[in-house]
Amino acid sequence: MPLGKQFYNQPTIDLAQALLGKYLVYGDLRGTIVETEAYLFYNDPGCHASRGMTPRNAPMFGPAGNTYVYLIYGMYHCLNIVSGKTGEGEAVLIRAIEPVSGIEAMRKRRSTTRRWRSTDRLENLCNGPGKLCQAFGITKKHNNLSLLTGDLRIHTSREKPEIASSTRIGLSAGQELELRFFIKDSKFVSKK
């Protein structure tokens, strides 16, 4: 069942943890969210919105429950869920999922690049933000779309996972902030 507006209207750190164990769904593709990172407007130099609104980061400023998709290193897309109050510029990065259905389609999309040929092992299929976007076919065309009305959705789950946290990965600024959340003992996270 898709999650409603109320779910997304919570503080960013709470949303980053609440997303764990939920399903990312796009058509026949489904995966359990196992790793997230929170990006905050205030006192977070790693957040794209920390210096104010630009054409690139404008979707981060609301409303909650929309997507913010951007390109890193000129080749990898990253999916974020807009969070917090409208106008604040906050989001939750979906870092990794555990594939559940549509796995062969995910493998096919991922195997089109030479660099990511290690798709035989299921735990390597979507264990990073660029990998999961490639597997799901998420691109800039998915930027600033509503998770309430679009084809890309977050669905509820029955289980409440045990959550662990750490500092975020791959940042040059704000890397010391403990804003990375993941399902404890999941073999599908990007880094242990």
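Report on the accompanying structure. Residue positions are counted from 1 within each chain, in the order its sequence is given. Whole-chain, interface and lining totals are the exception, using all residues; otherwise, since this is a predicted model, local features are given only for residues with pLDDT of at least 70 and side-chain atom pairs are given and counted only at 80 or more. To obtain the side-chain values, all non-hydrogen atoms of the structure were used and water was disregarded.

**With respect to helix H3 (residues 103-110)**
Alright, step 1. The rule is simple: take the accessible area with a 1.4 Å probe, protein chains only, and divide by the maximum for that residue type; under 20% is buried, over 50% is exposed, in between is partly exposed. Only DSSP runs of H or I reaching four residues or more are called helices, and only runs of E reaching two or more are called strands; each is numbered from the N terminus. When H3 is considered as a whole, its buried residues turn out to be Ile103, Met106, Arg107 and Arg110. Viewed along the axis of H3, the buried residues span an arc of 100°, placing them on a single side of the element. More than 90 degrees from the buried face of H3, the exposed residues found are Glu104 and Lys108.
Alright, step 2. In what follows, residue pairs with any heavy atoms lying within 4.5 Å of each other are defined as contacts. Buried residues along H3 sit against strand E2 (29-39), strand E5 (90-101) and helix H4 (129-136). This arc describes the spread of directions from the helix axis toward the C-beta atoms.

**Some words on the packing of H3 against H4**
Alright, step 1. The angle between two axes is taken between their N-to-C directions and runs from 0 to 180 degrees, where each axis is a line fitted to C-alpha atoms and a helix contributes only its stretch in contact. Running from N to C, H3 and H4 point in directions that differ by 110°, and their axes come no closer than 7 Å. One way to sum up the angle between H3 and H4 is to call them roughly perpendicular. At the point where H3 passes H4, the crossing takes the right-handed sense. For the pair formed by H3 and H4, the contact residues are Ala105, Met106, Arg109 and Arg110 on the first element and Lys131, Gln134, Ala135 and Phe136 on the second.
Alright, step 2. Ten residue types, Ala, Val, Leu, Ile, Met, Phe, Trp, Tyr, Cys and Pro, are classed as nonpolar, four, Asp, Glu, Lys and Arg, as charged, and the remainder, Gly among them, as polar. The class makeup of the residues in the contact of H3 with H4 is four nonpolar, one polar and three charged. Each angle is binned into one of four classes, with values under 35 degrees roughly parallel, values over 145 roughly antiparallel, values of 65 to 115 roughly perpendicular, and all other values oblique. Should the near helix be turned counterclockwise from the far one by less than a right angle, the crossing is left-handed, whereas a clockwise turn marks it as right-handed.

**With respect to the pairing of strand E7 (residues 163-166)**
Consecutive side chains of a regular strand alternate in pointing toward one face of the sheet and then the other.
Alright, step 1. Residues Ala164 and Ser166 line the buried face of E7, whereas the alternating positions Ile163 and Ser165 sit on a face that is not buried.
Alright, step 2. As defined by bridge partners, E7 adjoins strand E8 (residues 180-183) across four bridges and the pair is classed as antiparallel. Note that in E8 the partner of serine 166 across the bridge is arginine 180. Here, strands pair whenever DSSP counts at least two bridges between them.

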